[in-house]
Amino acid sequence: MSKGRVALVTGGTRGIGAAISTALRDAGYTVAANYAGNDAAAERFMEETGIAVYKFDVSNFEMVKENVAKITEELGPVDVVVNNAGITRDGTLHRMSPDQWDAVIQTNLSSCYNLSRCVIESMRERNFGRIVNIGSINGQAGQYGQVNYAAAKSGIHGFTKALSQEGAAKGITVNAIAPGYVDTDMVRAVPPNVLEKIIAKIPMGRLGRAEDIARGVLFLVADEADFITGATLSINGGQHMY
Ligand code: NAP
């Protein structure tokens, strides 16, 4: 029944987002994968998967609006949005610049407003919608050197709970996933000695795989998941129980 639905995955050409885009395609969704600036990775992804890619900055409302309209015209009205695009600009607060703060809040949190705002009216008209926001274990537990990232991700969890209440009567579910540490470029940027210590704290004894997160998204966006809303699904190998 979910077959043929149109899904937009932000940051959908690399890392966790690429796994989400591919899993949705395999399940029969028509997928639009967004990215910001890495054209080479996006082109490779498109060639390998046949998934349509759309370059725009999720932190820019006008660009999001324009591209949601373009996707609607090319693929059909958007039924599923996965707000996955995210960045880190780490640093302790006493050294953090306003730019570091703004970039992370705009990209990781305001993007959820931008995307959701641009699809919500159409979802309400059609009495169907699935929105999944990718939070983080560090939004649940906090993390040294990441006040910007933890605040944005924590904000995502509040955004999810509030919007889920607004969407419920219109068949729109809104949920969050809080991944633990997943083996992607983002985590490969963490110094190896720090990463070793992180892995030692994961009961499952390994980093997550992007596919572990994609599996959760598929579960939440299914037509049959219509009684699951406002929830946060932690996928973290047992590292943090919330
Ligand atoms: P990643 O490998 O760094 O990939 C990030 C993706 O987001 C890329 O496709 C990138 O596009 C896109 N992106 C970044 N800024 C954007 C913008 N302004 N507009 C549009 N697209 C943008 O990241 P990841 O590790 O897969 O993480 C995906 C999500 O999971 C993020 O929200 C992250 O915070 C969250 N998360 C990750 C982990 C982890 O351990 N990896 C843990 C918890 C939560 P380009 O390819 O063009 O750069």
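Above: the structure in question.
Within each chain, residue numbers correspond to sequence positions counted from 1 in written order. Predicted model: local features are reported for residues with pLDDT of at least 70 only, side-chain atom pairs are reported and counted for 80 or more only, and whole-chain, interface and lining totals are derived from all residues. Side-chain metrics in this entry use all non-hydrogen atoms of the structure; hydrogen atoms and water are not considered.

Describe the overall build of the chain, listing the residues and the values that go with them.
Strands are runs of DSSP state E lasting at least 2 residues, helices are runs of H or I lasting at least 4, and numbering of each runs from the N terminus. Helix and strand counts for the chain stand at 9 helices and 7 strands. All radius of gyration figures rest on C-alpha atoms, and the globule criterion is 2.2 Å times the number of residues raised to 0.38. Relative to a compact globule of 242 residues, whose C-alpha radius of gyration would be 18 Å, the chain shows 17 Å and is just as compact. Dimensions along the principal axes, computed over C-alpha positions, put the chain at roughly 50 × 40 × 35 Å. Each of the 242 residues in the chain was classed as buried or not, and the buried ones make up 48%. Only protein chains enter the accessibility calculation, which uses a 1.4 Å probe; a residue whose area is less than 20% of its type maximum is buried, one above 50% is exposed, and one in between is partly exposed.

Can you break down the packing of helix α4 (residues 98–126) against helix α6 (residues 147–167) residue by residue, with the values?
Note on geometry: axes are lines fitted to C-alpha atoms, helical ones only across the stretch in contact, with angles between N-to-C directions running from 0 to 180 degrees. Contact geometry of α4 with α6 gives a least axis separation of 8 Å together with a crossing angle of 15 degrees. It follows from the interaxial angle that α4 and α6 lie roughly parallel. Considering only the axes of α4 and α6, their crossing is right-handed. For the pair α4 and α6, contact is made by Gln100, Trp101, Val104, Ile105, Asn108, Leu109, Cys112, Tyr113, Ser116, Ile120 and Arg124 and by Val147, Asn148, Tyr149, Ala151, Ala152, Lys153, Gly155, Ile156, Phe159, Leu163 and Glu166, respectively. For the contact of α4 with α6, the class distribution of residues is 14 nonpolar, 5 polar and 3 charged. Working rule for angles: under 35 degrees goes down as roughly parallel, over 145 as roughly antiparallel, 65 to 115 as roughly perpendicular, anything else as oblique. Left-handed is the label given to a crossing in which the near helix is rotated counterclockwise from the far helix by less than a right angle, and right-handed is the label when the rotation is clockwise. In this analysis, two residues are considered to be in contact whenever any of their non-hydrogen atoms come within 4.5 Å of each other. Polarity classes work like this: nonpolar for Ala, Val, Leu, Ile, Met, Phe, Trp, Tyr, Cys and Pro, charged for Asp, Glu, Lys and Arg, and polar for all others, with Gly in that last group.

Can you tell me about the pattern of salt bridges, naming the residues and giving the values?
Where charged atoms of side chains with opposite charge meet at close range, the side chains can pair. Salt bridge, as used here: a side-chain nitrogen of Lys or Arg that lies within 4 Å of a carboxyl oxygen of Asp or Glu. One pass over the full model with this rule turns up 10 salt bridges. As a salt-bridge pair, Asp26 and Arg25 come within 2.7 Å of each other at their nearest N and O atoms. A salt bridge links Lys55 to Asp39; the nearest nitrogen and oxygen atoms lie 3.1 Å apart. Of this pair, Lys55 sits in strand β3 (residues 52–55) while Asp39 sits in helix α2 (residues 39–49); the two residues are 16 residues apart in sequence, bridging distant segments of the chain. Since its relative accessible area comes to 44%, Lys55 is described here as partly exposed. Asp39 sits in the partly exposed class, given a relative accessible area of 31%. One connected set of salt bridges, linked through shared partners, spans Arg5, Asp79, Arg126 and Asp223.

Kindly report on the site of the ligand, identifying the contributing residues and their values.
Whether a residue is near a molecule or strand is decided by its heavy atoms; if any one of them lies within 4 Å of it, the residue is near. Looking at the ligand, there are 30 residues lining it, with Gly37, Asn84, Tyr149, Val182 and Thr184 nearest. Counting of polar contacts relies on pairs of N or O atoms within 3.5 Å, with two restrictions inside protein: one atom must be capable of donating a hydrogen and the other of accepting it, and residues adjacent in sequence are counted only when both atoms are side-chain atoms. Take Asn34: an N or O atom from its side chain is 3.4 Å from a nitrogen atom of the ligand. Within the backbone of Ala36, an N or O atom sits 2.9 Å from an oxygen atom of the ligand. Accessibility throughout is a Shrake-Rupley quantity obtained with a 1.4 Å probe, and a residue counts as covered only by protein chains that appear here. Notes on the ligand: free accessible area 900 Å², of which the protein chains cover 93%. For the shell around the ligand, the elements supplying multiple residues, two or more each, are α1 (15–26), β2 (30–35), α6 and α7 (185–188). Split into classes, the residues belonging to the shell around the ligand amount to 14 nonpolar, 13 polar and 3 charged.

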